[in-house]
Amino acid sequence: MFHRWGPYTLLGFGLLMAVATSGVVGMDRRQWYVAGALVAAGAALQLWWDAKVRIRPGPSSASVLYYVLRWAVAFVLTWLNPFFAFYAVVGYFGTERLLPPRLVKLGLFATAVIMSGSQSGGLPPQGELGWVVFGGLLAVNIALLIVFAHLADQEDRRARDAAATITELERTNTALQQAMDENAALHTQLLVQAREAGVADERRRLAAEIHDTIAQGLTGIIAQLQVVSGADDEKLAREHLDRAAALARHSLGEARRSVHNLSPAPLEHDRLPEALDKTVAQWAERTGVRAHFTVTGTAEPLHDEIEATLLRIVQEALSNTARHAAAARLGVTLSFMDDEVTLDVRDDGRGFDPLAPVERTGTGGFGLDGMRARAERIAGSLTVESEAGGGTAVSARVPLVRHEH
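Residues numbered from 1 in each chain as written. Predicted model: local features only at pLDDT ≥ 70, side-chain atom pairs only at ≥ 80, totals over all residues. Heavy atoms only, no water.

## Concerning the pairing of strand β2 (residues 329–336)
Then step 1. With 6 of 8 residues buried, β2 lies mostly within the body of the structure.
Then step 2. Two elements, strand β1 (residues 290–296) and β2, share 7 bridges in a ladder whose sense is parallel. Its bridge partner being in β2, Val295 is matched across the sheet by Leu334.
Then step 3. Read as a crossover between parallel neighbours, the route from β1 over helix α10 (residues 304–325) to β2 is left-handed. (Buried < 20%, exposed > 50% of the residue type's maximum accessible area, 1.4 Å probe, protein only. Helix = DSSP H or I, 4+ residues; strand = E, 2+ residues; numbered from the N terminus. Pairing = 2+ DSSP bridges. Right-handed = clockwise from strand over helix to strand, strands pointing away.)

## Some thoughts on the nonpolar core
Then step 1. The biggest cluster of nonpolar side chains holds 35 residues, and the ones touching the most others in it are Leu310, Leu334 and Leu343.
Then step 2. Contributing elements (two or more residues each) for this core: α9 (272–287), α10, β2, β3 (340–347), α11 (367–377), β4 (381–386) and β5 (392–399).
Then step 3. Once residues lying within four places of it in the same chain are set aside, the contact partners of Leu343 are Leu276, Leu310, Ile313, Val314, Val332, Thr333, Leu334, Val394, Ser395 and Ala396. (Core = buried A, V, L, I, M, F, W, Y, C linked by side-chain atoms within 4.5 Å. Contact = heavy atoms within 4.5 Å.)

## Quick word on α11
Then step 1. Turning to α11, its buried residues are Gly367, Leu368, Gly370, Met371, Arg374, Ala375 and Arg377.
Then step 2. Of the residues one or two after α11, Ala379 is the one with positive phi, at around 65°.

## Here we look at the sheet that holds β1
Then step 1. The mixed open sheet is built from 5 strands, whose spatial order is β1-β2-β3-β5-β4. A strand with exactly one partner marks an edge of an open sheet, and here the two such strands are β1 and β4. For this sheet the average axis-to-axis angle between neighbouring strands, irrespective of direction, equals 10°.
Then step 2. Sheet topology note: the β4/β5 ladder contains 6 bridges and is antiparallel. Residue Leu382 lies in a different strand from β5, and its bridge partner there is Ala396.
Then step 3. Running over the sheet, α9 touches β1, β2 and β3 and is turned about 170° from β1. (Axes fitted to C-alpha atoms, helices over the stretch in contact; angles between N-to-C directions.)

## A look at unusual backbone geometry
If a residue is not glycine, its phi is most likely negative; likewise, a peptide bond is most likely trans.
Then step 1. Pro124 follows Leu123 through a cis peptide bond whose omega is -5°.
Then step 2. Note on placement: Pro124 falls in the loop between α6 (101–119) and α7 (127–229).
Then step 3. Notably, Ala326 is not glycine yet its phi reads approximately 50°, a positive angle.
Then step 4. Of note in this structure, Ala379 is not a glycine but carries a positive phi near 65°.

## Considering a nonpolar patch on the surface
Then step 1. On the surface, Phe13, Val24, Val25, Phe83 and Phe86 cluster together into a nonpolar patch covering about 440 Å² of accessible area.
Then step 2. Sorting elements by how many residues they give to the nonpolar patch places helix α1 (residues 2–25) first, with 3 residues.
Then step 3. Positionally, Val25 belongs in helix α1.
Then step 4. Accessibility expressed as a relative area gives 34% for Val25, which makes it partly exposed. (Patch = residues over 30% accessible without salt bridge, like charges linked within 9 Å, V, L, I, M, F, W, Y side chains within 5 Å. Areas by Shrake-Rupley, 256 points an atom, 1.4 Å probe, with all protein chains shown as cover. Salt bridge = Lys/Arg side-chain N within 4 Å of Asp/Glu carboxyl O.)

## Focus on the side chain of Thr111
Then step 1. Mapped onto the elements, Thr111 comes out in helix α6.
Then step 2. Those residues in contact with Thr111 that sit more than four places away from it in its chain are Tyr67, Trp71, Ala88, Gly91 and Tyr92.

## A word on the packing of aromatic side chains
Then step 1. If you walk through the whole model with that rule in mind, you get 8 aromatic pairs.
Then step 2. Note on Trp49 and Tyr66: the rings are 4.8 Å apart at their centroids and 10° apart in plane angle, and the pair reads as stacked. Remark: Tyr66 occurs in helix α3 (residues 61–80) and Trp49 occurs in helix α2 (residues 29–53); sequence separation between them is 17 residues. Tyr66 carries the same exposure label as Trp49, and that label is buried. (Phe/Tyr/Trp six-rings, centres within 6.5 Å; stacked < 30°, edge-to-face > 60°.)

## A closer look at the pairing of β3
If a strand is regular, its side chains alternate between the two faces of the sheet.
Then step 1. With respect to burial, β3 is a largely interior element, 7 of its 8 residues being buried.
Then step 2. Note: β2 against β3, 7 bridges, orientation antiparallel. In the sheet register, Phe336 faces β3, and the bridge partner there is Val341.
Then step 3. Hairpin connection of β2 to β3: 3 residues between the antiparallel strands.
Then step 4. Direction of pairing for β3 relative to β5: antiparallel, over a ladder of 8 bridges. Looking at β5, one finds that Arg346 is bridged to Ala393.

## A word on the confidence of the model for the protein
Then step 1. Residues of the protein with pLDDT of at least 70 account for 89%, and the chain-wide mean is 83.
Then step 2. Here residues 361–365 is a poorly scored stretch, pLDDT under 50, and it has 6 contacts once near neighbours within four places are set aside; other chains count. (pLDDT = per-residue confidence, 0-100.)

## Observations concerning the environment of Ala40
Then step 1. Of note, Ala40 is situated in helix α2.
Then step 2. Sequence separation of Ala40 and Leu11 is 29 residues, and the distance between their C-alpha atoms is 9.9 Å.

Structure (structure tokens):
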């Protein structure tokens, strides 16, 4: 705005001051004609440059011509009346935009000559004293130019350093963001691998269960039926048929239990918080233990495998509490945090020694080792705190993996 409107404003102010002081300075009619023509020429020159600078900004032969002609107009006007130096002061501003580097100092010196002449009482200096005063003022103006140029240099250097620092920070931030994106991708990949490993482990577990229970039961049934087919004694045949029926019922129960372990029924229609709330309430009603369920943080839909794992851990922990703890109170807390979900089950039962080996139960559960294995299959962890008479706390921490849909 200053480079566009400043020359007009200062030229007009200089003209007003010249009119006000024309009697004191002693301008005659001929000088006023010259001054008027130069004021019009200065305004026309500025109009020409405003149109030119839109086409070719930056130092050029046209900008050098503009600066020289503007200086010449200001010099003659200040010669006629020192108050026209208000117009000449524009020579200090935008020099780097108008002159090539080798002419910048010369342009500033030429402007300092006009300003010193105005400050010393007008051009040309009168007498020896006038020249001395002019020379002193010129030296002061040049010294001020040197000081301000040095300060401007320092400011430019600081600006360049700041720009370089900002550029480096942007580069570092970009690299950091790329690293974070890579870490996120690796985290996702690890979760996928953990899920695949968990699926493989679950398949092996189910294969072992089928081999140990259903397959053996079917083998026993076949064996009993083979005895029946070759038996002549009706009582003996009936006994073996009863054994075969018992084995069939047992195998059916094992098959149902395996299917139940694959697809948790409470999650068929509810998300994890609602399923846990109902599970805890039903357990409390069945066992008579006072129990409550709490959710902290902002609940989010979790990946199906995460929800199934946490539900199984709670079911196993509740089962252990009912069988072994003799607790009066129990609390289950599900906590949603930035990048993980924690599940805490605490009771005030008799407690136990967590370091003592725990055998796998015969009722379909897998105890603490099974809960820990479930958590580790999805890249989580499980810790147990307990002491005799001090209750038990089971805490599972798993990654917060949101539902895929």
